[in-house]
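Observations on chain architecture
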Amino acid sequence: MLNPVWLQTFTMAAASSSFTEAGRQLGLTQSSVSDHIRRLEQTVGRRLFVRDTHSLALTPDGEGLLVHARLILEAHARAEAQFSGTRLRGRVRFGTSDDLAMGPLPDMLAAFRSQHPEVELEITIGLTSELYALLDQGKLDLLVGKRRSGEARGHSMFSTPMLWLTRPETQVDLSQPLPLILLPEPSITRAATLQTLGRSGHHWRIVCTSGSHAGCMAAARGGLGLSVLPQHLASRDLCEPTNHASLPALPDIEYVALTARRLSRPADTLFQILMDSRLRRN
């Protein structure tokens, strides 16, 4: 058996200029370091270091063992962390919009669930404006939603393009007002869409209003008109019109995370995982 204490001493010695320096880093005497290395060399039956009064170098066998030593110590640390720490328990009241629930959010939540299976997630899906109100009322611990252009509230996670989406092979008649399928007021996506059309001079008419992105998607797939949705909701049966280049360019939409003023440990842990997922996504 390769004693992890000896392996820890060995890896420190390999990174040091002398056994004395390794001992100083580990809080050991020089003789203790020498003893650990001697025992390790006896165990593997190989010489691991070449030493003189001025230098310390690994032998080829020492270099080979160093690779295994690091892997063993990493595995040892993971095992200790799993069984020595207290298991996270509790409940997190989490809010999100349905466009995120149908997009990247499940992977983010899966990372949290796999690490903390005993935490209960209470998920509320709604329009971002509704979720903001619930957070301010103390009914949510954490939410992920959209942020209006120019607002500073929240921790930025990522931005994604918004697209004009409708049923496949649709060509929009630009001589007529654009038939729009939108979320109700005070939707951030709705406001951005109408502002874009107002600046471009295009005429429009609202043919369908749905309280969810899923409803907007169903109406668009049914051929009722154009919906404006984040890029990750485009699919084989919901795509840009064939003449989309003639439509005004839409702005990107920014997603942010917001937290209650005081977070429980489970809620703060979920928040950290979400922000780490943001970094990997970027």
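Up top you'll find the structure we're talking about.
Starting from 1, residues in each chain are numbered consecutively following that chain's sequence as written. Totals for whole chains, interfaces and linings use all residues, but because this is a predicted model, local features are given only for residues with pLDDT of at least 70 and pairs of side-chain atoms are given and counted only at 80 or more. Excluding hydrogens and water, the side-chain figures rest on all heavy atoms present in the structure.

Looking at the overall build of the protein
Which entries qualify depends on this criterion: Counting from the N terminus, the helices are DSSP H or I runs at least four residues long and the strands are E runs at least two residues long. Accessibility here uses a 1.4 Å probe with only protein chains present; expressed as a share of the type maximum, an area under 20% marks a residue as buried, one over 50% as exposed, and anything in between as partly exposed. It only takes one pair of heavy atoms within 4.5 Å for two residues to be counted as in contact.
Tallying secondary structure elements over the protein gives ten helices and ten strands in all. Projected onto its principal axes, the C-alpha coordinates of the protein cover approximately 90 × 40 × 30 Å. The burial tally for the protein puts 41% of its 282 residues in the buried class. In the protein, once contacts between residues fewer than 6 apart in sequence are set aside, the share between residues at least 24 apart is 76%.

A few points about the packing of helix H1 (residues 4-14) against helix H3 (residues 30-44)
Under the convention used in this document: Helix axes are fitted only over the stretch in contact, all axes being lines through C-alpha atoms; the angle between N-to-C directions runs from 0 to 180 degrees. Orientation categories follow fixed angle ranges, with anything under 35 degrees roughly parallel, anything over 145 roughly antiparallel, 65 to 115 roughly perpendicular, and all other angles oblique. Helix crossings fall into two classes, left-handed where the near helix is turned counterclockwise from the far one by less than a right angle and right-handed where it is turned clockwise. Each residue gets one of three labels, nonpolar for Ala, Val, Leu, Ile, Met, Phe, Trp, Tyr, Cys and Pro, charged for Asp, Glu, Lys and Arg, and polar for the others, Gly among them.
Running from N to C, H1 and H3 cross one another at 115°; their axes reach a closest spacing of 9 Å. One element, H1, and the other, H3, form an angle in the roughly perpendicular class. In terms of crossing hand, the pair formed by H1 and H3 is left-handed. For the pair H1 and H3, contact is made by Val5, Trp6, Leu7, Thr9 and Phe10 and by Val33, His36, Ile37, Arg39, Leu40 and Thr43, respectively. Looking at the contact of H1 with H3 residue by residue, the class counts come to seven nonpolar, three polar and one charged.

Observations regarding the side chain of serine 210
Here is the rule: Definition of a polar contact: a pair of N or O atoms within 3.5 Å, with one able to donate and the other able to accept a hydrogen when the atoms are protein atoms, and with sequence-neighbouring residues admitted only if both atoms are side-chain atoms.
With respect to the secondary-structure elements, serine 210 resides in the loop between strand E8 (204-209) and helix H9 (213-221). Serine 210 sits in the buried class, given a relative accessible area of 12%. A polar contact is formed between the side chain of serine 210 and the backbone oxygen of serine 212, at a distance of 3.2 Å. Beyond its immediate sequence surroundings of up to four residues, serine 210 is in contact with Leu182, Leu183, Pro184, Gly215 and Cys216.

Thoughts on the sheet that holds strand E4 (residues 119-125)
Filter applied, for reference: Should DSSP find at least two bridges between two strands, the strands are regarded as paired.
The sheet built from eight strands is open, its strands ordered E4-E3-E5-E10-E6-E9-E7-E8 with mixed pairing. In the strand order of this sheet, the two ends are held by E4 and E8, each with one partner. Along the sheet, successive strands turn relative to each other by an average axial angle of 30°, direction set aside. As defined by bridge partners, strand E7 (residues 178-182) adjoins E8 across five bridges and the pair is classed as parallel. Looking at E8, one finds that leucine 182 is bridged to threonine 209. Contacts between H9 and the sheet are confined to strand E5 (142-147), strand E6 (155-165), E7, E8 and strand E9 (226-230), with E9 contributing the most and set at about 135° to the helix.

Side note on unusual backbone geometry
A cis amide bond links glutamate 185 to the next residue, proline 186, at an omega of 0°. Note on placement: proline 186 falls in the loop between E7 and helix H8 (188-200). The backbone of glutamate 169 sits at a positive phi, close to 65°, despite the residue not being glycine. Position of glutamate 169 among the secondary structure elements: in the loop between E6 and E7.

What about the pairing of strand E10 (residues 252-259)?
Of the pairings in the sheet, the one linking E5 to E10 comprises six bridges and is antiparallel in character. The partner of leucine 143 across the bridge, within E10, is leucine 258. Of the strand pairs in this sheet, E6 and E10 are connected by six bridges, and their pairing is antiparallel. Bridge pairing links phenylalanine 158 to tyrosine 255 in E10.

Thoughts on the pattern of salt bridges
Where side chains of opposite charge bring their charged atoms close, a pairing between them can arise. Note the following rule: By salt bridge we mean one thing: a side-chain nitrogen of Lys or Arg within 4 Å of a carboxyl oxygen of Asp or Glu.
Overall, the coordinates contain twelve salt bridges when judged by the stated rule. Measuring nitrogen to oxygen at the nearest pair gives 2.8 Å for the salt bridge that ties arginine 91 to glutamate 122. One end of the pair, arginine 91, is in strand E3 (residues 90-96); the other, glutamate 122, is in strand E4, with 31 residues separating them in the sequence. Under the relative-accessibility criterion, arginine 91 is labelled partly exposed at 42%. Judged by relative accessible area, which is 31%, glutamate 122 ranks as partly exposed. Its salt-bridge partner being aspartate 237, residue arginine 221 comes within 4.0 Å of it at the nearest N-O pair. Highlighted residues: arginine 221 in helix H9 and aspartate 237 in the loop between E9 and E10, separated in sequence by 16 residues. In the salt-bridge network here, residues are joined through shared partners; they are Asp35, Arg38 and Arg39.

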